[in-house]
Amino acid sequence: MLPVMRCDEHLYPVPKFDLGKGDVKDFMNELKGFHEQFYDCFQRSESREHFLKFMAGQFSPLERKSIEPIALAVKDGNVRAMQRFVSDAPWDDDKILTKYRSFVNDDLGSPDGALIFDESSFVKKGQDSIGVAKQYCGTIGKVENCQVGVFAAYVSENGYAMVDKRLFLPEKWFNGDYIERRKKCNLPEDTAFLTKPQLAVEMLNAVNQENVLPFKYVLGDSIYGISPDFIAAVESLPDKTYLVSVPKDTRCWLKRPMTITRSYRWGGKTRTKTLLVDPDSKPLTMEELARNINDYFWYRRKVSEGTKGPIVYEFTRRRVILSAEGLPQKTVWLLIRRSLGDDPQYSYFISNASSSTRLKTLVWLSGLRWAIEQCFEEAKTELGMDHYEVRKFPGWQHHMLTCMLAHFFLWHLKIRMGKKSAIYYAVAA
């Protein structure tokens, strides 16, 4: 259940998903209406039928929602035919996504919407599935054999939905030892290695250039907060505000130090080097800064109602100058959150919001990122997002795409029926 948020501490509340199974009388008829919108995205009528049957299986009470159990459970299902459909049959993925995001805009679109980027991992056995490797698996909190997807979600006062996805391929998948595996997995030959933030940049640019889904804010965790590529991509978009997490050892100044540029000769050429005028004016880590802020400047806020009572944090903010290689760079807002108690835990966020931005706006933005975690939880719990057994690159893409569509379809039913909710998304879970 989404936690409760105080109504005076945010720009808008995000409703929780509270549609029950008994709220929809003719579910399959409505699902067919939704699927008809994508008929021209498939070349054959058989593919259209498999598309409907596969998603119907995702909504079923099956314990395991991979292809074989779904094909055996739905009427006239065929395991091999459905496997070929998911992994090998042609889909017009780009057209599906464009149509889908226009539907998301119809139901959830808002000029104050936010794009959120985050990863979700999927534990896998064996070495043959596309992108599988020993890597950090957030689902279980340790390094394990798994696949990792990078996802974009959209959140507004009307709800939340996943709107794009990329499979992260570890760099070793592009060396000579993996040639045969890449072929067996049908990985397009022109695919190049991209970091997770670079995959997020691809999705950010795709949504922005498509110009279908309006958004004002961009949110992400520390892997995006420390990525120059990701920050530069957001800053290149006019009127977009980011708020991203950063690690505690990120360095900054409260006042911009003076610098001097000196010329010198090297290798027969004249070069320049920028130095601090005062070499002792070294930047602080954000942790050092946070622990030395007087209690007077911390604002206590109730962020949610937990099972054991209200959950409360304290927040403060500062305008800081970020350090890069020991030199001053851009000026940003630093938002710091700390837990209560004798041994407080700190979290750090930076934002390019204007200097006039109020604390409550930054606090509110720091909580919106949890909407994408809600997407993952609901899609895995209800739709079998992590139940797939496909090995090929197209199969992974198609499974995740159907999960995105299925999750949004439920939101559409809630909105179509005008269901209201008094529960709001909190600043932090």
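Per an unreviewed UniProt entry, the protein goes by IS701 family transposase and derives from Desulfosarcina ovata subsp. ovata.

Here we come to the overall build of the protein. Helices and strands together make up the secondary structure of the protein, namely 13 helices and 14 strands. The C-alpha atoms of the protein give 24 Å as radius of gyration, which agrees with the globular expectation for 429 residues (22 Å, within 12%). By the burial criterion, 50% of the 429 residues in the protein qualify as buried. Contacts in the protein between residues far apart in sequence, at least 24 positions, make up 69% of those at least 6 positions apart. For the protein, the exposed surface amounts to about 21100 Å²; the carbon and sulfur share of it is 48%.

Here the focus is the nonpolar core. Where a protein is soluble and globular, its nonpolar side chains tend to be buried together. With 125 residues, the main nonpolar core has Phe117 and Phe230 as its most contacted residues. Considering each element in turn, this core owes the most residues, 13 residues, to helix α13 (residues 393-416). In contact with Phe117, other than residues within four places in its own chain, are Phe151, Ala152, Ala200, Met203, Leu204, Val218, Leu219, Gly220, Asp221, Tyr224, Phe230 and Ile372.

Attention now moves to the pattern of salt bridges. The tally for this structure, following the rule as stated, stands at 18 salt bridges. Where Glu210 meets Arg101, a salt bridge forms, and the shortest distance between an N and an O atom there is 2.6 Å. Of this pair, Glu210 sits in helix α7 (residues 196-210) while Arg101 sits in helix α5 (residues 93-108), and the two are 109 residues apart along the sequence. The burial state of Glu210 is the same as that of Arg101; both residues are buried. For the salt bridge of Glu314 with Arg338, the shortest nitrogen-to-oxygen distance reads 2.9 Å. Taken as a pair, Glu314 in strand β12 (residues 309-324) and Arg338 in strand β13 (residues 327-339) lie far apart in primary sequence, 24 residues in all. The class for Glu314 is buried, based on a relative accessible area of 9%. The exposure class of Arg338 is buried, given its relative accessible area of 10%. In this structure, a network of salt bridges that share partners links the residues Arg101, Asp164, Arg166, Glu202 and Glu210.

Note: α-helices contain 3.6 residues per turn, so residues at a spacing of three or four share the same orientation. A rise of 1.5 Å per residue sets the reference length of helix α12 (residues 370-383), with its 14 residues, at 20 Å; its end C-alpha atoms lie 19 Å apart and thus fit the reference within 8%. Among the residues of α12, Ala371, Ile372, Gln374, Cys375, Phe376, Glu378, Ala379, Lys380 and Leu383 are the ones counted as buried. Each element contacted by the buried residues of α12 is listed here: α2 (45-58), β1 (114-123), β3 (142-156), β4 (159-168), α11 (359-368) and α13. Residue Gly384 follows α12 closely and has a positive phi angle near 70°.

What counts, and at which threshold
Residues numbered from 1 in each chain as written. Predicted model: local features only at pLDDT ≥ 70, side-chain atom pairs only at ≥ 80, totals over all residues. Heavy atoms only, no water. Helix = DSSP H or I, 4+ residues; strand = E, 2+ residues; numbered from the N terminus. Rg over C-alpha atoms; globule rule 2.2 N^0.38 Å. Buried < 20%, exposed > 50% of the residue type's maximum accessible area, 1.4 Å probe, protein only. Contact = heavy atoms within 4.5 Å. Areas by Shrake-Rupley, 256 points an atom, 1.4 Å probe, with all protein chains shown as cover. Core = buried A, V, L, I, M, F, W, Y, C linked by side-chain atoms within 4.5 Å. Salt bridge = Lys/Arg side-chain N within 4 Å of Asp/Glu carboxyl O. Expected span 1.5 Å × (residues − 1).

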